[in-house]
Amino acid sequence: MSENIDFSLDSTDTNQSPSTTRRTLLKAIAGAGAAVSLSGKLAWANGEIGFWAKDLPPEKLTEIFSTMLRIRWFERTMVDKMLTEPGYRGYNHFYPGQEAVAVGVCSALKNKGAFEEVDLIYSTHRPSGHAIAKGVDIKKMAAEYDFRATGLNKGYAAEMHIADKSVGFMGADGMIGPGPVIAAGSAFAIKARGSKQVVVNFGGDGTYATPAFHGALNNAALLKLPFIYVLENNLYHQYAHYSYSCPMKDIAEAAGPYGIPGVVVDGQDVLQVYNAAKDAVDRARAGEGPTLIEAKTYRYYNHWGAPGAKPGVLGAFGYDPLAITSFRPEREVRAWLARDPIDIFRKTLLNWEVMDQAKADETEAAVKQEAIDAFAWADEQPLCKPEDGLKNVFVEGTVPARQLA
Ligand SMILES: Cc1ncc(C[n+]2csc(CCOP(=O)(O)OP(=O)(O)O)c2C)c(N)n1
Ligand SMILES: [Mg+2]
């Protein structure tokens, strides 16, 4: 049994797309949730990864659905604020379209408990989805993104530097490159300490061409670190297609030279992502070393902010004034919208009779209201004080802040 998925720029015909064919095929086999190995075969059907999603209780499946919706509506609420409220300070690299990746991965992690017990994730400049999937409070995030003093990090981190140790969300990272090295170092510390924690580093397709990506995989493999690299291939870095910086179609092939598993998953199917992540987590906890997971996915908005978006409409289309040229065809955006991760998972939940349509609608309405309330609360919070900014840069008592000297 084999198949080939075409994730190239040309695969925009959703009626006849290979992914549709693949989902029909998967449904025939298992309902949902298989992953695709590099050889183009069904990794689960071949026993290469487990079909773990079948064992998830209804409460967990419902939680996965709610968390995907929480990311979606946090982001959509903020997009609309950026578009309609002149003077709103918040900015964001929006995550919609990629929800299945963050939620599928974090659902396979330990997210509650003491800091010495929870699994750790290291995020990127596009952090909202990772943070919410790990369990960060969205009220505090909404306040943080708008530089409010009661925000997650007192209003000094904004979007690109948020962190919340209490759930093992080790932080967003504005730089493309250093993240994997920091995350692999953290995995080394965990191994040295002897705890059973696992470290996940999220990275984009733009990280492939950085030395840090390769250095982290090499060292993680050599030292058999509890390290998982989740590469979200949303086809573009800023405005360039990933083929400009990566010679392979599947970036997961990069795992080969380091002697570790490289798994390709459909990043629009949360159960596929979960299955692959659980395999990788089990492997890491058992001391068997790292895994590279490449999730094929897509972001509905432009690289940064809301150019090309309209209030109340999901996605951004057309020319981005920040790009030198219009970098992605509108039909490509629409083709990916037609494979929406939330729609795909909702169908699975209905098909598995975990919930009916009314319950799904009710869940979505409640989560949407939660996001609206979070931003309304944030609007009322006091702003941080610019003059106090450096007080939060150094660990007090270790390095004297110049501002305080
Ligand atoms: C060292 C460095 N160079 C350039 C940038 C500017 N920059 C911000 S995001 C980005 C592209 C990231 O692409 P990708 O890794 O695919 O992530 P995506 O934005 O698609 O989520 C670049 C080049 C940066 N932040 N850091
Ligand atoms: Mg990208």
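The numbers attached to residues start from 1 for each chain and follow its sequence in the written order. Naming scheme: in the order in which they are written, chains are lettered from A and ligands are numbered from 1. Side-chain atom pairs in this predicted model are given and counted only at pLDDT of 80 or more, local residue features only at pLDDT of at least 70, and totals for whole chains, interfaces and linings cover all residues. Hydrogen atoms and water are omitted, and side-chain values are computed over all heavy atoms in the structure.

J.: Which residues make up the pairing of strand β2 (residues 199-204), and what values do they have?
T.: Each residue gets one of three labels from its accessible area relative to the maximum for its type: buried under 20%, exposed over 50%, partly exposed in between, using a 1.4 Å probe on protein chains only. Think of it this way: any DSSP run of H or I at least four residues long counts as a helix, any run of E at least two long counts as a strand, and we number them from the N terminus. With five of six residues buried, β2 is to be regarded as a mostly interior element. Any two strands with at least two DSSP bridges between them are considered paired. Direction of pairing for strand β1 (residues 120-122) relative to β2: parallel, over a ladder of three bridges. What sits directly across from leucine 120, in β2, is valine 199. With six bridges connecting them, β2 and strand β3 (residues 227-233) associate as parallel partners. Bridge assignment links glycine 203 to a residue of β3, and that residue is leucine 231. A crossover gets the label right-handed when its path from the first strand over the helix to the second runs clockwise, viewed with the strands pointing away from the viewer. Regarding the hand of the β-α-β motif, the stretch spanning β2, helix α7 (residues 211-222) and β3 is right-handed.

J.: An account of the nonpolar core is requested, with residue identities and associated values reported.
T.: One finds Met141, Ile162, Phe213, Phe227, Leu292 and Phe345 to be the most contacted residues of the largest nonpolar core, which totals 107 residues. Considering each element in turn, this core owes the most residues, 10 residues, to helix α2 (residues 58-84). Contact partners of methionine 141, with chain neighbours within four places excluded, come to Phe74, Ser128, Ala131, Ile132, Val136, Leu152 and Ile162. Take the buried Ala, Val, Leu, Ile, Met, Phe, Trp, Tyr and Cys residues and link them wherever side-chain atoms come within 4.5 Å; each set so joined is a nonpolar core. Throughout, a contact is declared for two residues whenever any of their heavy atoms are within 4.5 Å.

J.: Break down the coordination of the magnesium ion (ligand 2) for me, citing the residues and quoting the values.
T.: Octahedral metal centres with six donors ideally show angles of 90 or 180 degrees, and tetrahedral centres with four donors ideally show 109.5 degrees. Coordination of the magnesium ion (ligand 2) by the protein involves Asp205 (OD), Asn234 (OD1) and Tyr236 (O), with metal-donor separations of 2.1 Å. For aspartate 205, a relative accessible area of 1% corresponds to the buried category. Note that water is not among the atoms used; donors are N, O and S atoms within 2.8 Å of the metal (3.2 Å for Na, K and Ca), so sites may look incomplete.

J.: Just give me the short version of the pattern of salt bridges, but keep the residues and values in it.
T.: As a working rule, side chains carrying opposite charge can pair if their charged atoms are close by. Here, a salt bridge means any Lys or Arg side-chain nitrogen found within 4 Å of an Asp or Glu carboxyl oxygen. Applying the stated criterion to the full structure yields 17 salt bridges. For aspartate 379, the salt bridge is made with lysine 81, and the minimal N-O distance between the two is 2.9 Å. Of this pair, aspartate 379 sits in helix α11 (residues 357-379) while lysine 81 is found in helix α2, placing the two residues 298 residues apart along the sequence. Of the charged contacts, one joins arginine 285 and aspartate 119 as a salt bridge, the two residues approaching to 2.7 Å between their closest N and O atoms. With a gap of 166 residues between them, arginine 285 in helix α8 (residues 270-285) and aspartate 119 in the loop between α3 (99-106) and β1 connect regions that are remote in the sequence. Look at the salt bridges and you will find they share partners, linking Arg72, Glu99 and Asp340 into a network.

J.: Would you mind going over the pairing of β3 in detail, with residue names and values included?
T.: Counting buried positions along β3 yields seven of seven residues, so the element is predominantly enclosed. The side-chain alternation of β3 yields two buried faces, one formed by Phe227, Tyr229, Leu231 and Asn233 and the other by Ile228, Val230 and Glu232. When β3 meets strand β7 (residues 291-296), the two strands line up parallel, connected through six bridges. Counted as the bridge partner of leucine 231 is glutamate 294 from β7.

J.: Account for the site of ligand 1, naming residues and giving values.
T.: Any residue with a heavy atom positioned within 4 Å of a molecule or strand is treated as near that molecule or strand. Among the 14 residues in the neighbourhood of ligand 1, the closest are listed as His125, Arg126, Gly174, Asn234 and Tyr236. Polar contacts here mean pairs of N or O atoms no more than 3.5 Å apart (in protein, one a potential hydrogen donor and the other a potential acceptor; neighbouring residues in sequence count only if both atoms are side-chain atoms). At 3.0 Å from an oxygen atom of ligand 1 is found a side-chain nitrogen or oxygen belonging to aspartate 205. Within the backbone of glycine 206, one N or O atom sits 2.9 Å away from an oxygen atom of ligand 1.

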